[in-house]
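# Remarks on the overall topology
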Amino acid sequence: MHLTATDTGYSAALAVTAIFMLALSSYADGFATLPTELERTQRCHLERTYKMIGYNCANLNLKEIPQWLKTNLEILDLSFNRIRDLNVQSFARYESVKYLYLFENMIQNIEEGTFSELSNLEAIDLSFNALKSIPLEIFNLPSLRNLYVGHNVLHDLEVDLKALEKPIKAPLQVLSIPDCRLQRLPDFGILPDLWQLNISSNPMKELTLNQLSPMCNLKMVDLNNTQTDGCACQVMAAELVLRGTTVKYLPMSCIPISVLEQERCKAEFNGKITEDDIHAFQQCMDVRKARKLDNEAKATWITISSIVALCIFLLVLILYCLHRRNAKRLKASRRTKKGAISNNINRVIGTPSQAEEGPVETPKSEKLLSDCD
């Protein structure tokens, strides 16, 4: 039979197809596991960091908080996921968590009471989400020191803070709220422990010194890419430097061009620093002084208690040693008396061997001599 070019090409195609089907058959019989690996659901990884139990659940396309993790976890990383909503049950099982990372999600709604039971929480990062405010319960967490909520559009924050009971219970030390479309610094009340504040990339057109006065322990403030008024910023920066605060990335408008401009700004804002501004700063300082006195009083009482306890311990130890010594002396004395009594008894009644033998007979030679006498 004569085959044409078309028939030859068709036969080659059938051969290739047959080979492909055979390969696919062997593939299905268990030679490959790649599709299974791809379809398998990724899981959080248990990790230990600084002797703390933690779970790394980052970048797993999670849409809700996993509920199968160990309840005694202390670090929970849920960053780079697709979580939209948080409710009361989200962290109900994880009351021991200390560090919670939720940045780079899609969080829009947080039900009231979601974080209320996290009494051990020390740091939380809610940056890069779709929040319009910060849950007020966060400010009442007794151990919270670091709060990061940058890159959210916090339009409702200032209004919500009016319902917040002040002073807050959270001992905040680090507050980071960059790029949140804020025109002025929200009123968090007195923050005597806060030492680092990041308000960069916010307009801050209405930022004034009195908004920073309740933060009397402030050591560093980041003003990068803010649009604060030139003279107001100059006066504020100068006062912060006098208070021992480092101003990072000061905008060019905050730097006086000449001494004349600096004096003009001082004169312009000299009357705008009210007694309320000074009172807020002084009130914050009073809180810090009261805490310092309390700590010193506690340290003094602990020292006194330790000294008294040590004296009592030494006294008990001395009495015990004296008791042991007297007991040993009494025991030795009793042994001595007992030995003396035994010796006296032996002298009176003689030795047991002599008593058993009876009277000793006098030799005949001694008897004769006695008769001669």
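Conventions we followed
- Residues numbered from 1 in each chain as written.
- Predicted model: local features only at pLDDT ≥ 70, side-chain atom pairs only at ≥ 80, totals over all residues.
- Heavy atoms only, no water.
- Buried < 20%, exposed > 50% of the residue type's maximum accessible area, 1.4 Å probe, protein only.
- Helix = DSSP H or I, 4+ residues; strand = E, 2+ residues; numbered from the N terminus.
- Arc of directions from axis to C-beta.
- Contact = heavy atoms within 4.5 Å.
- Phe/Tyr/Trp six-rings, centres within 6.5 Å; stacked < 30°, edge-to-face > 60°.
- Lys NZ or Arg CZ within 6 Å of the ring centre and 35° of its normal.
- Core = buried A, V, L, I, M, F, W, Y, C linked by side-chain atoms within 4.5 Å.

## Some points on helix 5 (residues 259–269)
Within the sequence span of helix 5, burial applies to Glu261, Cys265 and Phe269. Around the axis of helix 5, the buried residues are gathered within 55° of arc, so they sit on the same side. Opposite its buried face, helix 5 presents the exposed residues Val259, Leu260 and Ala267, each directed more than 90 degrees away. Elements that come into contact with the buried residues of helix 5 comprise helix 4 (230–242).

## Side note on unusual backbone geometry
Cis geometry marks the peptide bond from Lys166 to Pro167, where omega comes out at 5°. Along the chain, Pro167 falls in the loop between helix 3 (157–160) and strand 9 (174–176). Residues other than glycine seldom take positive phi values, yet Tyr249 does so here, at roughly 55°. For Tyr249, the location among the structural elements is in the loop between strand 12 (246–248) and helix 5.

## As for the packing of aromatic side chains
Using the criterion set out here, one finds four aromatic pairs in the structure. For the pair Tyr55 and Trp68, a centre-to-centre distance of 6.3 Å together with 85° between the ring planes defines the contact as edge-to-face. Residue Tyr55 is found in strand 2 (residues 52–56), and its partner Trp68 is found in the loop between strand 2 and strand 3 (75–77); the two are separated by 13 residues along the sequence. Measuring from ring centre to ring centre gives 5.6 Å for Phe80 and Phe103, while their planes differ by 85°; the resulting arrangement is edge-to-face. Of the two residues, Phe80 sits in the loop between strand 3 and strand 4 (85–86) while Phe103 sits in the loop between strand 5 (99–101) and strand 6 (109–110), which places them 23 residues apart along the sequence. Here Arg43 stacks its cationic end above the ring of Trp68, 4.1 Å away from the centre of that ring. Lying over the aromatic face of Phe281, Arg243 brings its terminal NZ or CZ to 4.1 Å of the ring centre.

## Describing the nonpolar core
One finds Leu76, Leu78, Phe91, Leu100 and Leu197 to be the most contacted residues of the largest nonpolar core, which totals 62 residues. Considering every element that reaches this core, the biggest residue donor is helix 4, with three residues. For Leu197, the residues in contact, after removing those within four places along its chain, are Leu175, Leu185, Leu212, Met215, Leu218, Met220, Val221 and Asp222. Residues Ala232, Val235, Cys265 and Phe269 belong to the second largest nonpolar core, which totals five residues.

Everything listed here is a matter of coordinates, which is why it stays silent on function.
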